[in-house]
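# A closer look at the structure
In case you want the letters, here they are:
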Amino acid sequence: IADESQRLALDMMSSHFLRKDERIQLREDIHRVLKPGGFLFMKTFVSDGDIHTKRLIAEQPGEEENSYIHPVIGVQEYVYSEDELYAFLSERFIVHKTYLSHKHVLRGKARKRRTIAMYVEKDPYAKN
C-alpha cells in the first residue's frame, strides 16, 4: 500500500495474534499508509478487569509476558492493559477516544472477554 494513501485503517480483533516485533511493525505500517489526519480504529482484548485473561495467563502462559496459548485453537494471544495500549499507540498517534466494554462479571463469575476500542489519529501537522 502506498505511503499516506489511506484515510482509515482498522484493526478489529486481529493484532493480538502477533508477537511484539510484529505488533510494532504493524503500527509502523499503519502509520506509514495513513494520510496526515487519517484514523486508526482498533479493537482488541484488554486485561483490566478480565477474569478470563487472568485465568488463561495462569493456566496456559504464552512465551511472551501478558500472553497465553488459546485452549481451543492452540495459538498465542497477547493481551494489553489499557495503559499499555495507550502508551503503545500514542508513540505514533494522537489518542482521541477509548472505550472499555462492560458487564464482564456477574455475581463474581466471568461472563465474557473484555475488550477495548480506541480511535487514534495520525498527526495532521507532523512530518513522518
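Before any of the text, the structure's been laid out above.
For the structure given in this document, a descriptive report is provided here. (Residues numbered from 1 in each chain as written. Predicted model: local features only at pLDDT ≥ 70, side-chain atom pairs only at ≥ 80, totals over all residues. Heavy atoms only, no water.)

## Details of the environment of alanine 2
One can find alanine 2 in the segment before β1 (6-12). A C-alpha to C-alpha distance of 42 Å links alanine 2 and arginine 111, two positions 109 residues apart in sequence. Those residues in contact with alanine 2, other than ones at most four positions away along the chain, are Arg32 and Val33. (Helix = DSSP H or I, 4+ residues; strand = E, 2+ residues; numbered from the N terminus. Contact = heavy atoms within 4.5 Å.)

## Description of the pattern of salt bridges
Throughout the structure, instances matching the rule amount to 9 salt bridges. One salt bridge connects lysine 122 with glutamate 4, and the closest N-O pair in it is separated by 3.3 Å. Pair noted here: lysine 122 is in the segment after β8 (115-121) and glutamate 4 is in the segment before β1, with a separation of 118 residues, a long-range link. For glutamate 4, a relative accessible area of 34% puts it in the partly exposed group. Among the charged side chains, a salt-bridge network with shared partners connects Arg27, Glu28, Glu91 and Arg92. (Salt bridge = Lys/Arg side-chain N within 4 Å of Asp/Glu carboxyl O. Buried < 20%, exposed > 50% of the residue type's maximum accessible area, 1.4 Å probe, protein only.)

## Quick notes on the packing of aromatic side chains
In this structure the tally under the stated criterion is 4 aromatic pairs. Judged by centre distance (4.7 Å) and plane angle (45 degrees), the rings of phenylalanine 41 and tyrosine 119 are tilted. With phenylalanine 41 in strand β2 (residues 34-45) and tyrosine 119 in strand β8, the pair connects residues that are 78 residues apart, well separated along the chain. Judged by centre distance (6.0 Å) and plane angle (85 degrees), the ring pair of tyrosine 99 and tyrosine 119 falls under edge-to-face. Within this pair, whereas tyrosine 99 is found in strand β5 (residues 94-100), its partner tyrosine 119 is found in strand β8, the two being separated by 20 residues in sequence. When its relative accessible area of 35% is taken as the criterion, tyrosine 119 is described as partly exposed. Put simply, the rings of Phe41, Tyr99 and Tyr119 touch in pairs and so form one group of aromatic residues. A cation sits over an aromatic face here: arginine 27 above phenylalanine 88, 4.4 Å from the ring centre. (Phe/Tyr/Trp six-rings, centres within 6.5 Å; stacked < 30°, edge-to-face > 60°. Lys NZ or Arg CZ within 6 Å of the ring centre and 35° of its normal.)

## Thoughts on helix α3 (residues 82-90)
Every buried residue belonging to α3 is among Leu85, Phe88 and Leu89, and all of these are buried. Mapping the buried residues of α3 onto a view down its axis gives an arc of 90 degrees, with all of them on the same face. Residues of α3 that are buried in the fold lie against α1 (20-33), β2, β5 and β8. (Arc of directions from axis to C-beta.)

## A closer look at the sheet that holds β8
Read across the sheet, 4 strands follow the order β1-β2-β8-β5 without closing on themselves; strand pairing throughout is mixed. Each edge of the sheet is formed by a strand with only one pairing partner; in this case those strands are β1 and β5. Across this sheet, the average inter-strand angle for adjacent strands is 10 degrees, counted without regard to direction. Across 6 bridges, β1 lies against β2 in parallel orientation. Looking at the pairing, aspartate 11 lines up with methionine 42 of β2. Packed on one face of the sheet, α1 meets β1 and β2 and runs near 145 degrees to β2. Lying on the sheet, α3 is in contact with β2, β5 and β8; it crosses β8 at an angle near 20 degrees. (Pairing = 2+ DSSP bridges. Axes fitted to C-alpha atoms, helices over the stretch in contact; angles between N-to-C directions.)

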